[in-house]
Number of protein chains: 2
Amino acid sequence: MPHPLEIILGARSVAFVGASNNPMTMGTIQMLNTLKSHYRGPVIPVHPKEATVLGQKAYPSLRDLPEPVDLAVLVVPTRVVLDVVQDAIARGIQHLVITTAGFRETGTEGRALEAELLHLAAEGGVRFVGPNCIGVLNAESGLNTTFFPYRHASGPLGLASQSGTYVTQVIDLLSRWGIGLSRAVSVGNAANIDLADCLDYFADDEETRAVSLYVEGVRDGRRFMQAAARCTARKPVVALYVGGTEAGARSGASHTGALAGPDALYDGLFRQAGIIRARTVADLYQWGWALATQPVPRGGRVAILTHSGGPATSMADAACRAGLDLRPFPESLSERIRALIPQTGSAENPVDLTFNMDPRLLNQTLPELILACEQIDGLLMHGLQGSSFFQGMKDFAGELVPIEVEQLTSYTSHMAKPLFDMAERTGKPIVMSSFYDRSDNVVRALQDHRVPVFDTPEHAVRAMAALVRYGRHRQQRALET
Amino acid sequence: MPHPLEIILGARSVAFVGASNNPMTMGTIQMLNTLKSHYRGPVIPVHPKEATVLGQKAYPSLRDLPEPVDLAVLVVPTRVVLDVVQDAIARGIQHLVITTAGFRETGTEGRALEAELLHLAAEGGVRFVGPNCIGVLNAESGLNTTFFPYRHASGPLGLASQSGTYVTQVIDLLSRWGIGLSRAVSVGNAANIDLADCLDYFADDEETRAVSLYVEGVRDGRRFMQAAARCTARKPVVALYVGGTEAGARSGASHTGALAGPDALYDGLFRQAGIIRARTVADLYQWGWALATQPVPRGGRVAILTHSGGPATSMADAACRAGLDLRPFPESLSERIRALIPQTGSAENPVDLTFNMDPRLLNQTLPELILACEQIDGLLMHGLQGSSFFQGMKDFAGELVPIEVEQLTSYTSHMAKPLFDMAERTGKPIVMSSFYDRSDNVVRALQDHRVPVFDTPEHAVRAMAALVRYGRHRQQRALET
C-alpha cells in the first residue's frame, strides 16, 4: 500500500473546496497556485453557488464530482469541515488537506471537534494533513496548496513543518537564497498525518536528499524516533525545535496545540535519532540545503579559500568555534599555493588570495589543488563574484568605464563552471558565502548548480559544520552495525 | 586642533595618486567612486604620464598641485610609497589614505618599511589611514576612497574595521539590509590612525549614533580602552573580534599583522569598556543599525507581535535564549487584544494575529496598545508586508487576479506610516523581521524610515537583546557615577 503522503503529494487530480472568484481569500489563492503552476492534472473547484471558479467548472459539493479526485483541499469555515469530510467519504475521496483552523489549538471545544474529525476519518478510511495547516507542495509536479506561488527551480530538499509560515511565507526567501525544495508538508495540528509520517515518506522519496523539520512539539516520541532513525540512516535530517523555553512552549501551544518538552529532552531525542539540531530559521534551510547538495565529508579538516582577509579571519574564527579542524596545510601544499598567489597573500590555511584579477585561480586552480590534498575533507570559500561589480560601475559611471559588461558576464559565467561539479568529482563538500546575491551572475550560476552560496561567512561555516556532524553520525552508525 | 579623521573624512579636496584611465585598476575605481558621487570638492588625479585621468586634469606629482589638498589617497606600488609621502609633505599635504599593501603584514622586510613610513610621517607632521587598507567613506559628503560605489541613503551608523572587505564589499549587502552608514574607516595595518582614533572621532561625530567595529587585534589596549569608554558613554559601540581562536589569530596575523589575544581577554576588555560584543558579521551591522536607530530600552521586558505562529514561536524561543524577559501580558492588556483579533489568534505574549486582512491592526492598533503598557520595554514584530504578495500573484496569474496592484501599493505604503515614528513617540525600540526584502514596498518604506527590518526572526531578537544590553550598561554607568 502506498504511503498516504505519496498519494497526497503525487495526486494526479485535486479539488479545492472553498475556492471562489474572490482573489483575496485563502482558498482562491491556494487553488491559483496549483492551477497556474505547471501542474498537469485537473484542478477542480467546489463552490456552493458559482458555476465556474477561476475559469474552471465548479461543483456544488464533493458528492457531485463526476469522478473521485486523488486529493481534496478544504478551506471552509470550521463548522462545516465535518460535513465536507463526509461528502469526501461519500464520493470515495480518501486523501485530504484540511487548511481550516479552529481545532485543538483553540481550547476545549476545538479539541472535541478535532476528536470527532479523527473518528470520522478513521471510519471512512481517510488520511489527511492538518487541520490548521497550509498544506502541501510538490515543487516537481506543480501541486501547491500553499499560499505562495513556487516559481524557482525544484531541488533535493524536503521540508516538513508544524508552522505553515515555514513552508509558504519563506518561499520567496528560499528563492533568494537559491534553495530548491522537492516536497513540503505543513502538518498544522498533525491530527492524522504527523511529522513521523513525513519522515517515513521522505525516507523513501527519491527526489529528496535531505529533510528539514520545524518542530514545536512531538506527541508520540517513540513513533517519531523510529521514523527519524529510519530516515537518518538513508539521508540527513535537520530539525529546528523551538518549544524548549518557557515562552517558546507557551507560544507553540497556542499555535498548533503542540506539547512541548524540555530542551534537553529534545536534544537527546534528536541526538539518538541522528537528527542534526538547528538553532535558527537560517540554519534550518541552509544546513538542509548543504546536506541535500553536498557529499558527506570523511572528517572535519576544512580549508578556507578567499581573496579577502576579513572573511578569511571570520571564517577561521567561526570554524574553530564550530569545532571544525582548521590545521595549517602540509608545507608541500602551502608551497605550491605560494607560487601561485601574490606576495601579499597568505598560503597557509586560510588561503587569502588578496586582490587578483585572474578568476581561474579562485574558481579552479586553487580549489582543485586544495581538495586534492588527502588531509582536507571540505572547502569553505568566500568572495566569488561575476559581472555585478562591473555592472555596478557601469551603471554608476558608464561614460567613464569603457567595459563590455556582456562580455564580462559571459566570461565570468564560463569561469564558474569548474566549480559546478567539483564537489561531486572530488567527493568533498564545498560551501561558500558571498556578500552579493543572485543579481550577480556567478552567484546565481553556482546556486543554480546546487553549490551552496550563503549570505555571510558564518552561515557557510555553520552549514559545513552540519555536514561534518552528519558525517560523524554516519561513521558512528557504521561502527555500531 | 581638529581630529585628523575629521579632516580626512571632511576633506574638501582630494587627490588620487595612482588613478589612471584603466578602469580595471584599484586606484581608478577608488577615484571614480568619489568623482561620480555627490562629492562637491575637487577630485584631482596624480599620474606620471597622463594629461587627464577620467576627464580630470592630471598632475605628474603631488608636488605639482597648484594648491595643497585636504587629503591625498595613495594607490601606488609599495616601493614608491615613501617617495610619494615625501611629495605630499613637500606640498604641505598632511593627511593621507595609504591603500597600498606590502608592509607589516608581509613579514620582516615589510615591518621595516612600515617603521620607515611612520618615521617619515612623524617628521612631516602627517597623519594617515593605512597602509594596506581600502580607505574611508563619508556617505554624507560623497567622499569615497573605497572600491565600491555607495548609492543608498546615508544613515547614523559609523563603521571602523581592520578589514577593508567589511567596509567595501559589504556595501551592497548593507543596502539590501536597509542599513545606512554615516562614515566608515578601513584602518588596514593601523600604523598611524588606529581603531582608538576612530572611536575618539566617532564619539564626537554628530551624524554617528552608533559604531560598529571589526577587530582582529588591538596593540595598545589601554589607549583603546580609554577611547572606547569615552565613546560608549555617548553612543553604543558593537565589536566583532575574531582573533580569539587559534586559526582566527593565525589568519588575522597574515591579514593585517594584528596581534590577537585570547578570547577571554577581549571579552573582558569589551565588557569593561561597555562595548557590546557581536559574534557574526550579521550581528555587527544589524546590532549597530538597531542601536543607531532605536531608543534605548529601560529594561528587557519585550513583546512579540506577528500574524503567524511559527515566527512567533521562533522569536519567543530565541528571546528566552537571549535573556530577554517575555513574561505573559497583564490580563487587562490581553483582554483588550483578544477583543481585536480573530478567535484563532493568541492574545498572550507573543500575540499571534493569525490570518487577517486589516493591516491597521498589525501596523498601528496593536503596536500602540502594546507599547502603551508600562510593563513592556520594547516590541519585536514579524510579518509586515505590502503589495509584493499581490504583485507576485498578479505576475503569476494576472488574468485571474483582478487586483489593482498600484492601488494596493499606495494603500499599504500609507498603512506603514504609523510605524515610522512610533519608536520615537513611545520611547521604546521596535525591531522587526520579514521574509520579504526591499522589493516589498512596506519593508522598503520601514527600512527607509530607519525601522530595522531583518531577514530572520532570530536576527531581530538578537538585535533587540543588544539594545537591552546597552540599556543595562547605561544604567550601570549611571549608578556608578
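Residues numbered from 1 in each chain as written. Chains lettered and ligands numbered in written order. Predicted model: local features only at pLDDT ≥ 70, side-chain atom pairs only at ≥ 80, totals over all residues.

### Quick look at the sheet that holds strand 14 (residues 276–278) of chain B
Residue and element names in this part refer to chain B.
Then, in step 1: The sheet built from seven strands is open, its strands ordered 9-8-11-10-12-13-14 with mixed pairing. At either margin of the open sheet sits one strand with a lone partner, and together these are strand 9 (143–144) and strand 14.
Then, in step 2: In terms of strand pairing, strand 8 (residues 135–138) meets strand 9 through two bridges, oriented antiparallel. Following the sheet pairing, Leu137 is matched in strand 9 by Asn144. (Pairing = 2+ DSSP bridges. Helix = DSSP H or I, 4+ residues; strand = E, 2+ residues; numbered from the N terminus.)

### Digging into the relation of the copies chain B and chain A
Then, in step 1: With an RMSD of 0.0 Å, chain B superimposes on chain A once it is rotated by 180° and translated 0.0 Å along the axis. The two molecules are tied by a two-fold rotation axis, judged by turn and shift. Looking at the rotation axis and the C-alpha trace of chain B, the residue lying nearest is Asp455(B), at 5.4 Å.
Then, in step 2: A high fraction, 100%, of the interface residues of chain B reappear at the interface in chain A, so the copies pair face to face through one surface. (Least-squares fit on C-alpha atoms with pLDDT ≥ 70 in both. Contact = placed C-beta atoms within 7 Å.)

### So, the packing of helix 15 (residues 405–420) of chain B against helix 17 (residues 441–448) of chain B
Residues and elements named next belong to chain B.
Then, in step 1: In contact at an axis separation of 9 Å, helix 15 and helix 17 are set at 35° when each is read in the N-to-C sense. The crossing of helix 15 and helix 17 is right-handed. Contacts from Thr409, Thr412, Ser413, Ala416 and Leu419 of helix 15 reach helix 17 at Asn441, Val442, Ala445 and Leu446.
Then, in step 2: Tallied by class, residues from the contact of helix 15 with helix 17 come to five nonpolar, four polar and no charged. (Axes fitted to C-alpha atoms, helices over the stretch in contact; angles between N-to-C directions. Left-handed = near helix turned anticlockwise from the far one by under 90°. Nonpolar A, V, L, I, M, F, W, Y, C, P; charged D, E, K, R; others polar.)

### What about the interface of chain B and chain A?
By a frequent convention, interface size equals the accessible area lost on bringing the separate parts together.
Then, in step 1: The partner chain A presents 73 residues to the 73 residues of chain B that form the contact.
Then, in step 2: Broken down by secondary-structure element, the contributors of at least two residues to the side of chain B that touches chain A are helix 2 (26–35), helix 5 (171–176), helix 8 (246–256), helix 10 (281–293), helix 11 (309–321), helix 14 (388–397) and helix 18 (457–480) of chain B.
Then, in step 3: Tallying contributions element by element places helix 11 of chain B first for the side of chain B that touches chain A, with 11 residues.

### Side note on the pairing of strand 17 (residues 378–382) of chain A
Residues and elements named next belong to chain A.
Then, in step 1: Burial runs high along strand 17: five of the five residues are buried.
Then, in step 2: Relative to strand 17, strand 15 (residues 302–306) is paired through five bridges, and the arrangement is parallel. Looking across to strand 17, one finds that Val302 is bridged to Gly378.
Then, in step 3: Strand direction decides the pairing type here: strand 17 and strand 18 (residues 430–433), joined by four bridges, are parallel. Within the sheet, the bridge partner assigned to Met381 lies in strand 18 and is Met432. (Buried ≥ 20, exposed ≤ 12 C-beta atoms within 10 Å, placed from the backbone.)

### Describing the packing of helix 6 (residues 195–204) of chain A against helix 7 (residues 221–234) of chain A
Residue and element names in this part refer to chain A.
Then, in step 1: Contact geometry of helix 6 with helix 7 gives a least axis separation of 8 Å together with a crossing angle of 20°. Classified by the angle their axes make, helix 6 and helix 7 are roughly parallel. Of the two possible hands of crossing, helix 6 and helix 7 adopt the one that is left-handed. Within the contact between the two elements, helix 6 uses Leu195, Ala196, Leu199, Asp200, Phe202 and Ala203 and helix 7 uses Arg223, Phe224, Ala227, Ala228, Arg230, Cys231 and Arg234.
Then, in step 2: Along the lines of polarity and charge, the residues of the contact of helix 6 with helix 7 split into nine nonpolar, no polar and four charged. (Parallel < 35°, antiparallel > 145°, perpendicular 65-115°, else oblique.)

Note that every value here comes from positions in space, so none of it alone points to a role or purpose.
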